[in-house]
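# Breakdown of the fold
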Amino acid sequence: MTVSDPSAMTQRVQAFQRDISQEVSARCADLVAAPSVNPPGDTREMAEVVRTALVTAGLPARLERTVPSMPSVISAIDSLRPGPHLILNVHLDTMPPGDESLWTVPVWQLTRRDGRLYGLGMGNMKGAVAAMISAVELLHQTRDLWRGRVTFLAVSDEVVFGDNGAAHLLRTHPDLYGDGLICGEGAGFTRLAVAEKGVLWLRMSATGQPGHSSAVQAGVSAVSRLSRALVAVDELNSHPCPLPEELSRHWTGTEGREVSLSVNAGTVTGGTFVGQIATEAHAELDLRLPPGLSADEAEALVRERTRGIPQVTVGRIKGWDANWTDPEALITRAWTKAARELHGRETTLAVRLPASDASRWRQRGVPSLCYGPQPTWSAGVDDYAEEAEVHNCVGLYALAALNFLGG
C-alpha cells in the first residue's frame, strides 16, 4: 500500500473504523462520566481518561497546565520524514447542564437510545474527543504512509474563551501553530465549518436621578433607560450581512442565521432597593458577528441604536472579527476528498455560530476546519450525538489527515 493509492488507504481506514466502533462508544461512556463543567472548568478527570486512552494505544501523552485543575493533554507523533505539521484539536470542558430536572436521561451517564448517545457533552464535544483519539491511534499505526508530524491537543478552558487551554499553549509554544488544523467542533447537520462568527462582548450602562420611587417619572430611572436601549439593540437581531466573495462563491443555500448578526443580553442588573429610583443599571451583551461584519462595525451599530437615549453608555469587554479558511485550501480539499471516498458525501460548507479554538489558529494564519458529531446548532437539554456519526468521525479525521499529510 502506498500513499498514492487512495482506494487501498480508504479501505484500511474503513476497516479500522468498523473494528474500533465498540471501543469508541465505550470511551464516550467514560468521558461522559467524567464531569468537566466550565465554570469552574475542572478537567482533571477528563484529562486522565484521554491520557489513559492514548497511552493504552501506545501513544505518548503529557499534561500541561497553568492552574492545577485545568490540564490539557498533548500527544505528538512524527513520521520522521519532512512534511507538514497537522494539529488535531478538541476541548475537554463542557457547558453546564442547566436545569437537570428537564433532562429525560442521566446527565453524567451515557444512554444509548434510538441510535443516539445521550449525556452531557456528547454533542459538544465528548463524541469528537472519543473519535479523534482513535483517529490519532490509526495515524500512529500508519506512520509509513504519511510525511510530517501530527500533534493532538485536548485542551481545557475553551467554552468560556479562557486563557488556560489553547490560548496558553499557543502563547508559550509557537511550534503548535502547525500548517493546518482540524477541530472537533461541530457546525451541526454534518456540515464542514470553514468559517466561524466573530465575538463581541459589550457592557451597556445607564444612570438616573436618585429619589423615592413615588416620585419617579417616565423614562428617567436607570432601569427604564437601559430597558429602552436593550429593546433598540434587540432589533439588530438578524441584521443581514453579505458573505465576503471568497466564501459566497462556494456557498449553496446558506442558512440565514449564519450570515446575520445576533445580539443577546446575557446579564442585566440595576437598582439597589424596590422603593428607590434606580440610579445605575448595567447589561452585558453578546454579539456574534458573521463574516463581513467587523467588531468595530457591530459596535458602531449598537452605539447608533442607543444614541438618542439619555445617559446610556457602551463599552467593549472583548471581541474579535469573524475568520475563515479558503474553501480551496489544501486542508479543505483533503477533507472533501475524504468525505467523498468514505461515505459518498459531497461536503456542505458552513459558518459555525459559536466560537471555537479554531479561530485562534486562523488568527495566526493557519488554515483550520471544524467538524464533529454535534447534530444541531448547539448543545442543550438531553445533549446527544448520533452514534453512527461519532464512528464516522474516526474515519473522516483519519483520512482527511492522511490526505493532507500525503500532499
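The paragraphs below set out a description of the structure included in this document. Every value quoted in this text rests on a predicted model; they were computed, and no experiment measured them. (Residues numbered from 1 in each chain as written. Predicted model: local features only at pLDDT ≥ 70, side-chain atom pairs only at ≥ 80, totals over all residues. Heavy atoms only, no water.)

## Let's talk about the overall build of the protein
Which entries qualify depends on this criterion: Strands are runs of DSSP state E lasting at least 2 residues, helices are runs of H or I lasting at least 4, and numbering of each runs from the N terminus. Accessibility here uses a 1.4 Å probe with only protein chains present; expressed as a share of the type maximum, an area under 20% marks a residue as buried, one over 50% as exposed, and anything in between as partly exposed. Two residues form a contact once any of their heavy atoms are found within 4.5 Å. For accessible areas, the Shrake-Rupley method is used with a probe of radius 1.4 Å. Any residue's cover is judged against the shown protein chains and nothing else. Charge counting treats Lys and Arg as positive and Asp and Glu as negative, with His and both chain ends excluded. Charge positions are represented by NZ for Lys, CZ for Arg, CG for Asp and CD for Glu.
Scanning the protein for helices and strands turns up ten helices and 17 strands. Its C-alpha atoms give the protein principal-axis dimensions of roughly 85 × 45 × 45 Å. Here the protein holds 407 residues, and the buried ones make up 55% of them. Excluding contacts between residues fewer than 6 apart, the proportion of contacts in the protein whose partners are at least 24 apart in sequence is 80%. Accessible surface for the protein amounts to roughly 16600 Å². Of this, 51% is attributable to carbon and sulfur atoms. Side-chain charges of the protein comprise 37 positive and 46 negative groups, with the mean position of each set lying 2 Å from the other.

## A word on helix H5 (residues 222–234)
Since one α-helical turn is 3.6 residues long, residues separated by three or four positions face the same way. Defined as follows: Any helix carries an expected span of 1.5 Å times its number of residues minus one.
With 13 residues, H5 ought to run about 18 Å at 1.5 Å a step, and its terminal C-alpha atoms sit 18 Å apart, in line with that. Lining the buried residues of H5 we find strand E9 (198–207), strand E11 (260–270), strand E12 (280–289), helix H7 (295–306) and strand E13 (312–320).

## Some points on the side chain of Thr94
Take Thr94: it is sitting in the loop between strand E3 (85–91) and strand E4 (111–113). Judged by relative accessible area, Thr94 falls into the buried class, the value being 1%. Leave out the neighbours within four places in its chain, and Thr94 touches Ser36, Val37, Asn38, Leu120, Gly121, Asn124, Lys126 and Val159.

## Some details on the nonpolar core
One recurring pattern in soluble globular proteins: nonpolar side chains tend to sit buried together. As a reminder, the rule being used: Nonpolar core, defined: a set of buried Ala, Val, Leu, Ile, Met, Phe, Trp, Tyr and Cys residues in which side-chain atoms within 4.5 Å join the residues together.
Counting 71 residues, the largest nonpolar core has Val50, Leu88, Phe152, Ile182, Trp335 and Tyr397 as its most contacted members. Ignoring sequence-local partners within four residues, the contact set of Ile182 consists of Leu86, Ile87, Leu88, Asn89, Met132, Ile331, Trp335, Leu369, Tyr397 and Ala400. With 26 residues, the next largest nonpolar core counts Leu200, Ala206, Ala283 and Val312 among its residues.

## Here's the deal with the pattern of salt bridges
Just so we agree on the cut-off: We count a salt bridge whenever a side-chain nitrogen from Lys or Arg sits within 4 Å of a carboxyl oxygen from Asp or Glu.
The full count for this structure, using the stated rule, is 21 salt bridges. Residue Asp175 pairs with Arg149 through a salt bridge whose shortest N-O separation is 3.1 Å. With Asp175 in the loop between helix H4 (166–172) and strand E7 (180–183) and Arg149 in strand E6 (residues 149–155), this residue pair connects regions lying 26 residues apart in the sequence. Relative accessible area serves as the criterion here: at 29%, Arg149 is assigned to the partly exposed category. Of the charged contacts in the structure, one is a salt bridge between Asp286 and Arg288, with a shortest N-O distance of 2.8 Å. In terms of burial, Asp286 and Arg288 fall into one category: buried.

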